[in-house]
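Listed below, chain by chain, are the residues.
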Amino acid sequence: MNLVASTSGTDSDWVVKLIDVHPDQVAGQPELGGYQLMVAADIFRGRYRESLESPKPLASHEPLLYRFSLPTANHVFLPASDDGPVQSSWFPLYDRNPQSFVPSIFWAKPADYVKANQRVHHSPGHQSFVELPVVKP
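Let us now look at the sheet that holds strand S3 (residues 36–45). In space, the three strands of this open sheet follow the order S3-S2-S5, with antiparallel pairing throughout. The sheet is open, and its two borders are formed by S3 and strand S5 (86–87), each paired with just one other strand.

So this is what it looks like as structure tokens:
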């Protein structure tokens, strides 16, 4: 995953889901029309963008590059397929991020939780994209 994103806070989680979205109509299998299959998904804490050993606050409102791997899955996407969303929370599957940098999220106080706006960038020089291997038939 090559995600260029920014937050108005000083910490953020980034959840990326790779979803195979079937066409609205599937010949011979109408029940699969519009079906969405989550192929891979993972969460990345922004505080660990530069180092897993030394968390750091994020620069507010600055587009930053997050590179991380999604879990491996063998899947073939057809040309008409679509991919999935990016979000900043996976609660209740994953604990909530206070959106402000604190030494440990697990010891965050109620006042540490702030409203923040996250943005995924897609402008020239700040493109977000998923790299997938392409195999020849």
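With respect to the helices, strands and loops of the structure, serine 6 is situated in strand S1 (residues 2–7). Polar side-chain contacts of serine 6 include one of 2.9 Å to the side chain of histidine 121.

Further remarks concern unusual backbone geometry. Here the amide bond leading from phenylalanine 91 into proline 92 is cis, since omega sits at 15°, within 30 degrees of zero. With respect to the helices and strands, the residue proline 92 is situated in the loop between S5 and strand S6 (118–120). Backbone geometry places histidine 61, a non-glycine residue, at a positive phi of 65°. The topology assignment puts histidine 61 in the loop between S3 and strand S4 (64–67).

Thresholds applied
Residues numbered from 1 in each chain as written. Predicted model: local features only at pLDDT ≥ 70, side-chain atom pairs only at ≥ 80, totals over all residues. Heavy atoms only, no water. Pairing = 2+ DSSP bridges. Helix = DSSP H or I, 4+ residues; strand = E, 2+ residues; numbered from the N terminus. Polar contact = N/O pair within 3.5 Å; in protein donor to acceptor, adjacent residues only side chain to side chain.

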